[in-house]
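Here's the letter readout for the chains.
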Protein chains: 2
Amino acid sequence: MPEFLQLLPPAEALARLLEQLPTQPRPEEVETSAALGRVTIFPVLAPHPLPDFARSTVDGYALRATDTHGASESLPAYSSVVGEVMMGVESAFTLDANQCALIHTGGMLPNGADAVAMVETTQSVRAGEVEVMRAVAVGENVLRVGEDVNTGDEVIPAGVHLRPAEIGGLMALGITHLPVVRKPQIGIISSGDEVVPASAEVHPGQVRDVNSFTLSALIEQAGGIPVRSGIIPDQAQLLHGAVRQALDECEAVVVTAGSSASARDLTAEVIDSLGPPGVLVHGVNVRPGKPTILAVCTGNGDQTPKAVIGLPGNPVSALVIADLFLVPVIERLLGISRPRLRASLRARLKINLPSQAGREDWVPVRLTGGDGILEAEPVFGKSNLIFTLARADGLICIPANATGLSAGEVVDVFQN
Amino acid sequence: MPEFLQLLPPAEALARLLEQLPTQPRPEEVETSAALGRVTIFPVLAPHPLPDFARSTVDGYALRATDTHGASESLPAYSSVVGEVMMGVESAFTLDANQCALIHTGGMLPNGADAVAMVETTQSVRAGEVEVMRAVAVGENVLRVGEDVNTGDEVIPAGVHLRPAEIGGLMALGITHLPVVRKPQIGIISSGDEVVPASAEVHPGQVRDVNSFTLSALIEQAGGIPVRSGIIPDQAQLLHGAVRQALDECEAVVVTAGSSASARDLTAEVIDSLGPPGVLVHGVNVRPGKPTILAVCTGNGDQTPKAVIGLPGNPVSALVIADLFLVPVIERLLGISRPRLRASLRARLKINLPSQAGREDWVPVRLTGGDGILEAEPVFGKSNLIFTLARADGLICIPANATGLSAGEVVDVFQN
């Protein structure tokens, strides 16, 4: 398992991992009011049409369109007002020819009516009568039954993240509970002889465990449940036991390696021993994050192929790489039907950024300005300093086929 | 309080609301591991430097830079290997001139060393001795003490949303608890005689309460706590009582009005009666959402000025307008130091979209394609159909100073 024999481009590395991962999302019933951010596991079908009665879209007079034929300001149509449509109830009356009823936005069309004349196009001449000064067509100013959805329509496909709008749509249909994908548990193992818990007293030579917590936060954002297995020393047997146990308990496992080359090799060997197929990718042509390990392991209780991702130990690389590889794995486990569309901020790069052709670079930048276009200024600092990322507003990508970006270029900044 | 006497542009309407809102975020102590998305209430200062010992950034040999002066492949410097730096501990030995120690990435520099020669630039010639084939400078391949942060540095300002990177930075400094802004409670009142609970049996003429739940979801996303007061009929006294109670219990209140003009006027009157100053804006030059009401009310137990937002009753308008006005209010209550930078997706508009000059339009679009640039196709449907929004991937804005957008134009799509 020596690393870097072949450095794959990130997209190809990810594809190699995902193609070997089966996905069988498991259902869980939740209340719709608590379903924000959850993912549908089955398509949602409309149990009834929406709206389920014809509604007025304006304040005005419900009537028969044919009665207004040819009406104009100089030659209005006259109509008798037989009543008012009260909100939230069905009217008891039925309209005949040349009759109308006062109606409010959202009111239910009374029997006999097929259109609504806006109040602005009418005039009250004497008690109980209005002049309609503009002809209306059948269905004008009316939401017809089923105009939004019809019975049986697939209103939300499977594999969709529920946003406020979907929550509203479900409620409009009276769907107050629904099955969603159970959140996948993602195991996190921090390895490294120098790593101690964040709450521990730190002796010279030791560093606090940062990765368990940055990765937990990222997993939570992506819709998974982080399961922290703690800190494991750089010893094959201990690491093997920890990964094996995490594989039993979780749907995917992420291991941050100790920072030396030998610790990384150890991590790769341990992960590979939990195959087949084991390590698929060892080394990705990306900076930071070259020593990334992507694997699929079946060495667990139920022999389901599960993703195991070995991340570089340094916190910045670990976080950048987890965003590139772990988040898509979580989306796969959630059964997301459509690859993530990553929104960005557009900003003008302040300085030249050279890079090595063939390698994809992710550079933390700070955004300044705001009126007009933003300016992106790279945050300097060695790549293994966690506050380099904390000081940045986002990352820009220098693609593999470029030898850098030029000052003044407009770049996409991805918030992190 | 008649509406629409003067239609303000949305940005001006928002400014008028925010300038009258004091903000006194209240603190709450949380565990750092559970602080994702929370907002700092005080600046965070570094209790010690990071790193707090000099660390190697490579695998190689720790040594004195001066010993390698002039070293080259043809004339290497010879150095005796006196030991190996173990990970996580301080070395017991001290290096003298022409001595070195094997060191791994992240290892602590031993006493006497001031640089590290990368293993790739060295050669082991005989046991206990290496040739260094390239000169190194003092500090080369070393993270020096305080290179990331120094004691007392403001590492995270007040009013900052905590992302995974900040969580990591806090953990690196051993800050396992911190004070954050307590989440503001936002009251939600759905008014309308036609509105019934989503779980109720629906009779002809009635519609289910959608807004309470779309707004709850949006408030949750923005970092607030939704407090649903239920559905209030269109009666001044009942509505007054409900808004007054919500004002007592919450830091801001949002009321969705009944859908008729008279119900909207009723809402405006009730809100205004809970001033001073009461209604500041009634009518905004935006579509959807023209009948928006923005108010500041002091008619509550502690007389604190609190924002009250009256939203149109139709679910699409309510959600679009809440995003424009309620989210900034929540950010103000959270003490966010910097206005939200809204990331977008860039897409090519598929058709012409006319609009009225002077009015800002928000149009739901569906995105297709994906290789190369996305295409944005407006989702047709009357604006009050909730699934119009659920079918959309985001919204595009037609600015007030435009008379529309043209097919083929590249537009910013804001995900909703």
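Use the structure listed above.
On a predicted model such as this, the values are computed, not experimentally measured, just so you know.

Scoring rules and cut-offs
- Residues numbered from 1 in each chain as written.
- Chains lettered and ligands numbered in written order.
- Predicted model: local features only at pLDDT ≥ 70, side-chain atom pairs only at ≥ 80, totals over all residues.
- Helix = DSSP H or I, 4+ residues; strand = E, 2+ residues; numbered from the N terminus.
- Rg over C-alpha atoms; globule rule 2.2 N^0.38 Å.
- Contact = placed C-beta atoms within 7 Å.
- Buried ≥ 20, exposed ≤ 12 C-beta atoms within 10 Å, placed from the backbone.
- Bend = angle between axes of the 7 residues up to and from the residue.

A. View of the overall build of chain A. For chain A, the count of helices and strands is seven helices and 28 strands. Against the 2.2 N^0.38 benchmark of 22 Å for 416 residues, chain A shows a C-alpha radius of gyration of 31 Å, more extended than a compact globule. Its C-alpha atoms give chain A principal-axis dimensions of about 95 × 55 × 40 Å. Long-range pairs, those at least 24 residues apart, make up 72% of the contacts in chain A between residues at least 6 apart in sequence.

B. Here's a closer look at unusual backbone geometry. Note the cis peptide between Pro 276 of chain A and Pro 277 of chain A, where omega equals -5 degrees. Here Pro 277 of chain A is to be found in the loop between α5 (261–273) and β18 (278–282). Note the cis peptide between Arg 287 of chain B and Pro 288 of chain B, where omega equals -5 degrees. Tracing the sequence through the fold places Pro 288 of chain B in the loop between β19 (286–287) and β20 (293–297). A positive phi angle, near 60 degrees, is found at Asn 141 of chain A, a position not held by glycine. Looking at where Asn 141 of chain A falls in the secondary structure, it is placed in the loop between β9 (129–132) and β10 (142–143). On the basis of neighbour count, Asn 141 of chain A is assigned to the buried category, with 22 C-beta atoms found within 10 Å. Backbone geometry at Gln 303 of chain A places phi at a positive 55 degrees, although glycine is not the residue there. As for its position among the elements, Gln 303 of chain A is in the loop between β20 (293–297) and β21 (306–311). Classification of Gln 303 of chain A by C-beta neighbours within 10 Å gives exposed; the count is 9.

C. View of helix α6 (residues 315–333) of chain B. Residues and elements named next belong to chain B. Of all the bends in α6, the greatest, near 45 degrees, is centred on Ala 322. Taken across its 19 residues, α6 has 18 buried, putting it largely inside the fold. Just downstream of α6 lies Gly 335, where phi reads positive at about 70 degrees.

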